[in-house]
Amino acid sequence: MATERTFSILKPDATRRNLTGAVNAVIEEAGLRIVGQRRIRLTQEQAEKFYEVHKERPFFGELVSFMTSGPVVVQVLEGENAVAKYRDVMGATNPAQAAEGTIRKRFAESVGENTVHGSDSAENAKIEIAQFFKDSDIAA
Ligand code: CMP
């Protein structure tokens, strides 16, 4: 399995509770390298575009309003099998169903405020990374 990249967001519930270092420690301990990172405030337009696939879902409005409620940290993670590895490290979307030791089990408050986002495929990772990073922002 070749080295690949995935896209990560530390969500507003993480920045609000000063958990960015604690979450990054879990990411790095799992062998993923943080090769790009920026703390930003998502605009309404950015959040709506990012979560466009969910726009017909009943929770879309709540999701966009939460994601714009405070700063987030957007990241590019690199490593062997990074997409699948980060999904393992994050745990299930709903923290109540997340395995012991995962980020969401340890830190997440609810299915909506679930601390982290990670790409679900290598193809989506490329699209998501391109939404927030130029090649020159990434130092591997
Ligand atoms: P994420 O991986 O960022 O991708 C879509 C997000 O929608 C997901 O994490 C959850 O935070 C959110 N989500 C999924 N299901 C629900 C739900 N039932 N209520 C509120 N938010 C949800």
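Please read all numbers here as calculations on a predicted model, not as lab measurements. (Residues numbered from 1 in each chain as written. Predicted model: local features only at pLDDT ≥ 70, side-chain atom pairs only at ≥ 80, totals over all residues. Heavy atoms only, no water.)

Caption draft 1: How the structure looks around the packing of aromatic side chains. Under the defined criterion, the tally for this structure stands at 4 aromatic pairs. With 5.7 Å between their ring centres and 55 degrees between their planes, F7 and F50 make a pair best called tilted. Of the two residues, F7 is situated in strand β1 (residues 3-10) and F50 in helix α3 (residues 44-50); the sequence distance between them amounts to 43 residues. The burial state of F7 is the same as that of F50; both residues are buried. When the ring of F7 is compared with that of F132, the centres are 5.4 Å apart and the planes differ by 5 degrees; the resulting orientation is stacked. Placement of the pair is F7 in strand β1 and F132 in helix α7 (residues 122-132), with a sequence separation of 125 residues. The exposure class of F7 is buried, given its relative accessible area of 0%. You can call F132 buried: its relative accessible area is 5%. A connected cluster of aromatic rings, assembled from ring pairs, spans F7, F50, Y51 and F132. Taking NZ or CZ as reference, R38 lies 5.3 Å from the ring centre of F133, over its face. (Phe/Tyr/Trp six-rings, centres within 6.5 Å; stacked < 30°, edge-to-face > 60°. Helix = DSSP H or I, 4+ residues; strand = E, 2+ residues; numbered from the N terminus. Buried < 20%, exposed > 50% of the residue type's maximum accessible area, 1.4 Å probe, protein only. Lys NZ or Arg CZ within 6 Å of the ring centre and 35° of its normal.)

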